[in-house]
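Now for the letters of each chain:
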Amino acid sequence: MDNRKFSGCRRGVSTTLSYALNLAIAAILVSALLFAAGSTVQDQRQVTAREELRVIGQRIAAALQDADRMSRAGSAGYVFLEIGAPRTVAGLQYTIILNESTEQVLLRTSEPDITVKIPVSIANSDWIEQTSARGGRIYIEINQTDNSVRIGVA
Amino acid sequence: MAELRKLGSRGEDRAQLILVTGFALAFTLVAIVLLLNTTIYTENLASRGIDRSPDEAVEFRVAAEDGLADIITAINEDANHSDSLTDVENQLSKSLTNFSRMMGRSYADRGSIADINNRSFILNDGIILRQDDTSRRLWNASEVGGNWTLATGVGKTRKVHFNLSHDHLQGITNAFRINLSDGTNYWRVYIAGYTNGVRIYVKEDGASRSPALCDIPVNSDYVQIDLSEGTVNGEDCNGYSWWGGDDPGNYEIRFENISVNQGSYSMVLKDGSPYNIPNNYNTTGGNPTYIEGIYSVEVQLEYTTPTLQYTTNVTVSPEAPHNG
């Protein structure tokens, strides 16, 4: 066969090149799209988790105030109050911490690292003991006998 | 001319990238929807009322305190000179048992256990000083006019009520006075009557007498003076109340200018030191008299629901000063 017959032939090249370029551009666009979508999901997940932690923290702070109100009514009082909270927020496990020094409820996830702080406004704030509980059903305990305010896993 | 390829064989592999992308985007959308769902749930959680148990527990405590106050008042009102402290205690125990049972049944309907611990209450005994004859003068059992001392070394006083004849009340110069003195400080209230009303004055610790704290119109024959709540015929009198609402403890109670005034009265005292009821009373059922009664009762309340355990000790002393 005489190769020279096709050596100068350029027919069909532009179609192949165009196809390859199309594929490359499509791949870049798709990658960018997927990256953006993944990033959006991640951002939304963090926002959702933060929002949910804030709501849970406020519910815990409100329950602490309820328990404090009850304990102050008489003497030698004891209050044990259970509160239901989700086990996870946006699929993330979290920890609830009753912070003794700052008188706050801290809700924290590890990956990604999100921390929400809710101030606790109770009359006997100096009774607060540094305690923590895994997210889920927790209890609040106020004991006037040993002047303590604690939380724990119910 | 190049030949067009048939669909099939190699054509089946086409658009794989778009297909994979489509799946990935679909998955992303599902993830976002799930997150949105979580957000909606959280917002719902935020607007949802939390457990009602704490409110119900406080409601139970208030109801128990009110009920106990009524029981104490009823027992004191029914008490007479022949009752001993043991009689009073037995009556209180019986009433507490009935009250506890009634409250327990009422809250059982809501799925809660409400208990007033009637097995370990503490009764703080008191003395009821009383004159129930509204036409008698305010003097002592010997019917000597002027001034007389009702008690010395009084710890606290609560529920001080007078029902005085309006016609017999005097103007400020000779007004009926109740004088409280702890040897160092004193507090004195004047109850002065005028044609159409009653005026209350207060004097304490060497200061000059206050202007009239209130001038309450009176159209009836008798005037109800409540020195615990600071009212005249139920109307507030600028906050005058027993020792200005700050009962210091350990003082004497003295009536002054009583020879003309007449009416009934009662008050409940808690012992202080040195406590003494002078020999000025009728001990055979006449007026005025003193009776063993209840000053206050300390009792344990328990309220339990599936999510709450609440225990507290409350002290009930109806119409006591704020520190009593």
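Preceding block: the structure.
Figured I'd write up the structure that's included with this text. By convention here, each chain's residues receive numbers from 1 onward along its written sequence. Written order decides the labels, with chains lettered from A and ligands numbered from 1. Residue-level local features of this predicted model are given only where pLDDT is at least 70; pairs of side-chain atoms are given and counted only at 80 or more, and the full residue set underlies all totals for whole chains, interfaces and linings. By convention in this description, side-chain values take in all heavy atoms of the structure and omit both hydrogens and water.

A few words now on a nonpolar patch on the surface. Residue and element names in this part refer to chain A. Every patch collects residues that have over 30% relative accessible area and no salt bridge, joining them within 9 Å if they carry like charges and within 5 Å if they are nonpolar side chains (Val, Leu, Ile, Met, Phe, Trp, Tyr). With residues, only the protein chains shown are counted as cover, and all accessible areas are computed by Shrake-Rupley using a 1.4 Å probe. Any Lys or Arg side-chain nitrogen found within 4 Å of a carboxyl oxygen on Asp or Glu counts as a salt bridge. Among the surface-exposed residues, Leu 17, Leu 21, Ile 25 and Leu 29 lie close enough to one another that they form a single nonpolar patch of about 410 Å² accessible area. The topology assignment puts Leu 17 in helix 2 (residues 13-72). Residue classification places Leu 17 among the exposed positions, given a relative accessible area of 52%. The numbering of helices and of strands both runs from the N terminus, where a helix is a DSSP run of H or I of at least 4 residues and a strand a run of E of at least 2. Relative accessibility decides the category of a residue: with a 1.4 Å probe and only protein chains considered, values under 20% of the type maximum give buried, values over 50% give exposed, and everything between is partly exposed.

All names here are of chain A. Two strands pair under a simple rule: DSSP has to find at least two bridges between them. Read across the open sheet, the 4 strands follow the order 6-5-4-7; overall the sheet is antiparallel. Strands at the two margins of the open sheet, each flanked by one partner only, are strand 6 (114-119) and strand 7 (131-134). Across the sheet, the mean angle from the axis of one strand to that of its neighbour is 20°, orientation sign disregarded. Bridge count between strand 4 (residues 95-99) and strand 7: 4 bridges; the pairing is antiparallel. Bridge assignment links Thr 95 to a residue of strand 7, and that residue is Arg 134. Axis angles are defined between N-to-C directions and span 0 to 180 degrees, where every axis is a line fitted to C-alpha atoms and, for a helix, only to the segment in contact.

The subject of this paragraph is helix 3 (residues 85-108) of chain B. Residue and element names in this part refer to chain B. Expected span of a helix, by definition, is 1.5 Å for each gap between consecutive residues, and there is one gap fewer than residues. Between its terminal C-alpha atoms helix 3 stretches 34 Å, which fits the 34 Å expected from 24 residues at 1.5 Å a residue. All buried positions along helix 3 are accounted for by Val 88, Leu 92, Leu 96, Phe 99, Ser 100, Met 103, Gly 104 and Tyr 107. Here the buried face of helix 3 lies against helix 2 (53-78), strand 1 (113-131) and strand 12 (289-305). It only takes one pair of heavy atoms within 4.5 Å for two residues to be counted as in contact.

Moving on to the nonpolar core. Definition used in this section: a nonpolar core is a set of buried Ala, Val, Leu, Ile, Met, Phe, Trp, Tyr and Cys residues joined via side-chain atoms within 4.5 Å. Among the nonpolar cores identified, the biggest contains 67 residues, and Ile 60, Leu 64, Val 105 and Leu 107 of chain A together with Phe 60, Leu 92 and Ile 116 of chain B are the most heavily contacted of them. No other element matches the 11 residues that helix 2 of chain A contributes to this core. When residues no more than four places from it in sequence are discounted, the contact partners of Ile 60 of chain A are Ile 83, Ile 96, Val 105, Leu 107, Ile 138 and Ile 140 of chain A. Core analysis: the next-biggest nonpolar cluster, separate from the first, contains 41 residues, Ile 127, Ile 191, Ile 200 and Tyr 251 of chain B among them.

All names here are of chain B. Paired rings are identified among Phe, Tyr and Trp, the last through its six-membered ring, by centres lying within 6.5 Å, and are further divided according to the angle between planes into stacked (under 30 degrees), edge-to-face (over 60) and tilted (the rest). The tally for this structure, following the rule as stated, stands at 13 aromatic pairs over all chains. Ring geometry for Trp 148 versus Phe 255: centroids 5.9 Å apart, planes at 80°, classification edge-to-face. Separated by 107 residues along the polypeptide, Trp 148 in strand 2 (residues 148-165) and Phe 255 in strand 10 (residues 251-256) bring together distant segments of the chain. On the numbers, 5.5 Å between centres and 65° between planes, the contact of Trp 148 with Tyr 281 is edge-to-face. Taken as a pair, Trp 148 in strand 2 and Tyr 281 in the loop between strand 11 (263-276) and strand 12 lie far apart in primary sequence, 133 residues in all. Comparing Trp 148 with Tyr 281 shows no difference in burial state: the two are buried. Every member of this aromatic cluster is reached through a ring pair, and the members are Trp 148, Phe 162, Phe 176, Phe 255, Tyr 265, Tyr 281 and Tyr 290. Geometrically, a charge over a ring is one whose NZ (Lys) or CZ (Arg) sits within 6 Å of the ring centre while staying within 35 degrees of the ring normal. Positioned above the aromatic ring of Tyr 201 is the side chain of Arg 209, whose terminal nitrogen or guanidinium carbon lies 5.4 Å from the ring centre.

On to the pairing of strand 4 of chain A, then. Residues and elements named next belong to chain A. Within strand 4, 4 of the 5 residues are buried, leaving the element largely enclosed by the surrounding structure. Relative to strand 5 (residues 104-109), strand 4 runs antiparallel, the two sharing 5 bridges. Each residue of the ladder has a partner; that of Ile 96, found in strand 5, is Leu 107. Hairpin connection of strand 4 to strand 5: 4 residues between the antiparallel strands, including Glu 103 at a positive phi of 50°.

So, on to a negative patch on the surface. Residues and elements named next belong to chain B. Where like charges cluster on the molecular surface, the negative patch consists of Glu 89, Asp 125, Asp 271 and Glu 292. Here Glu 292 shows up in strand 12. The class of Glu 292 is partly exposed, set by a relative accessible area of 32%. In this tally, Asp and Glu contribute negative charge and Lys and Arg positive charge; neither His nor the terminal groups of the chain are included. Charged groups are reduced to one reference atom each: NZ for lysine, CZ for arginine, CG for aspartic acid, CD for glutamic acid.

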